[in-house]
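Structural characterization, general
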Amino acid sequence: MIVLRLVYLFMPVGIILAFLYAPAERLMGEASRMLYFHVPLAWVSVLAFLIAGVASVMHLVRGDDSRNLDIKAYNSASLGFLFVVLATAAGSLWSRMAWNAFWNWDPRQSSIIILLLIYVAYFSLWNALENNPNRGRITSVYLIFAMVSMPFFVFIIPRVFLSLHPDTLINPRGTVLLGDRMKVTLMICLISFTLLYFDLFFMKNRISRMEQRLEESLDNE
Amino acid sequence: MLKELLQNIRKDFIIEFRSRYALSVSLSFAGVSTLGIGLATAGRPLAPGVHAVLFWLIMFFSAMNGLLHIFTREEEQGTSLFLRITTAPEKVYLSKLIFNILMFLSLQLLITPLYLFFLQVEVRSLLFFLLLVPAGGLALASASTILAAIVAKSGGKGALFTVISFPLVLPLLWVAMTATGQALERPDYFDGRNLLFLLAFSGSLVAVSYLLFPYVWMEE
Amino acid sequence: MKRTITAIALTALLISTFFWNTGTTDGLLYGNTGPAAPVVKEYGGRPENPASGALSEEVKLYAVTATVLAIWSVLGVYLFLLDRRIRRLENRIDNSIRGNE
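Only a predicted model underlies this, so the values are computations on that prediction, with no experimental measurement involved.

**Quick look at the overall build of chain B**
Counting its secondary structure elements, chain B contains 9 helices and 0 strands. Reading the helices (α) and strands (β) of chain B from amino to carboxyl end gives α-α-α-α-α-α-α-α-α. Relative to its length of 220 residues, chain B is compact, with a C-alpha radius of gyration of 18 Å against a globular reference of 17 Å. By principal-axis analysis of the C-alpha atoms, chain B measures approximately 55 × 35 × 30 Å. Across the 220 residues of chain B, 43% fall into the buried class.

**A closer look at the environment of Tyr 8 of chain A**
Position of Tyr 8 of chain A among the secondary structure elements: in helix H1 (residues 7–21). The sequence separation of Tyr 8 of chain A and Leu 195 of chain A amounts to 187 residues, and the corresponding C-alpha distance is 9.3 Å.

**Side note on the interface of chain B and chain A**
Taken together, the contact between chain B and chain A spans 20 residues of the former and 24 residues of the latter. Counting residues per element, the ones that place at least two in the side of chain B that touches chain A are helix H7 (126–153), helix H8 (158–185) and helix H9 (192–217) of chain B. Ranked by residues supplied to the side of chain B that touches chain A, first place goes to H8 of chain B with 8 residues. Classifying every residue of the side of chain B that touches chain A by side-chain character gives 14 nonpolar, 3 polar and 3 charged.

**Remarks on the environment of Met 1 of chain A**
Here Met 1 of chain A shows up in the segment before H1. Sequence-wise, Met 1 of chain A and Leu 190 of chain A are 189 residues apart; in three dimensions their C-alpha atoms are separated by 19 Å.

**Brief notes about the confidence of the model for chain C**
Interpreting fine coordinate detail is not advised for predicted regions of low pLDDT. Residue and element names in this part refer to chain C. With 54% of its residues at a pLDDT of 70 or more, chain C has an overall mean of 68. The secondary-structure element of chain C with the lowest mean pLDDT is helix H2 (residues 39–43), recorded at 39, while helix H3 (residues 57–100) shows the highest, at 86. Note that pLDDT drops below 50 for residues 21–46; the model gives that stretch 44 contacts with residues more than four away or on any other chain. Predicted complex metrics record ipTM = 0.86 and pTM = 0.81.

Scoring rules and cut-offs
Residues numbered from 1 in each chain as written. Chains lettered and ligands numbered in written order. Predicted model: local features only at pLDDT ≥ 70, side-chain atom pairs only at ≥ 80, totals over all residues. Helix = DSSP H or I, 4+ residues; strand = E, 2+ residues; numbered from the N terminus. Rg over C-alpha atoms; globule rule 2.2 N^0.38 Å. Buried ≥ 20, exposed ≤ 12 C-beta atoms within 10 Å, placed from the backbone. Contact = placed C-beta atoms within 7 Å. Nonpolar A, V, L, I, M, F, W, Y, C, P; charged D, E, K, R; others polar. pLDDT = per-residue confidence, 0-100.

What follows is the structure in structure tokens.
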């Protein structure tokens, strides 16, 4: 898709804004710049997970392999795994800068680790069902289950238990507690990482489709 | 429909009673772990939070050892094809679920006193504890049933079962452990929200499993 | 080719931030908590209590830059691996076409 090429514009602009335009925050100082990278990474990992879940539901509803939705779910999940690992690493380095400890067992930190575990479990299941023709369906079922239990982690538990994490964008007051310049920068970085994710996702889908067609043509000979 | 369900459950109970495989595996695991903890601590009292964590870990791994058998037995003995032909998948799921719930609740009935007496744990809010343990057991059994079906289709390895169940079971373990820790520590503690969470979690899992089980069970 | 150029441009941008001085602090991440003067300006970027292990502003900037560079290098490695997969696929297609002729 052509609109995804905008990532080549948004990403450099986002980085320039993050380092040069946005001001350093009062309490954390320069470490606040991690906001513009950590939050989009975490957001994209959740988005990837949701897209994998939606693809799984569509795969089961559709009932056949014609759109390769199970492989698309796998591609989305592998991208999501990459982003969740990056988000965790960025978050833990940021927490060292801001709170002087790499890991606090904060509920929100733990919820991202659990998202990571869900991905690992999904990949183990995918690999265990290597030569099984039902692999797509069974892994889709598992991903839908993980999708059902994910809201408990990401949205409910961090709000029930007190967390050291800063207020998120979706907070009880319904406002965004950021200065104007920081808001703009954050939005641009969010958009650029989302565009990056979709660019990679569509690329991986095309590669998987080509591999599949190649296998089929080699089988036919 | 009810008659068919009851027939299936009765058949499962009879088969289980003949070999007592799942029951014996779970109980021996729980017994060995409890004994091991007792020997390691040598009678020294542990903090209530630690007891809560150990208790639910033993519950979790007993479920992992014992509740997988219901589906892998069908695959190994070759009766799963017969079951697929004769019974609707929803009925198969409900009968296996009810069997697993009943079995895990009876396992808990045996493991809980074993743990409390061997490690001399004092339960300060008894009512809440007695409500919490079956609620958690219900949730564990509901999660384990559908996951056992998934794992049985992929070769029935127990290690895979533990890996894929851990992320789904973690919220319920988290809530159960913190609530049990409070129940052991504080007298007259009653927080209905934790119970509600566990019941809601099992309810949502059972509902989604009921819808998704045919996709796992029926092969092309 | 496009990817390589973008990667180089981004790296150059990131490195250029080393030469930018720490300055304004009108960000309001935690809301307006009063007319207190910003800590950073008074102490010139050094923390009040170095013994607590808090980092100075410059070190924080270096740390942020290093982390972001690390993130980008991981993404770059991922793109490289994806590229390698595409190259292998192209070779297989070429070989199978050549095999057919």
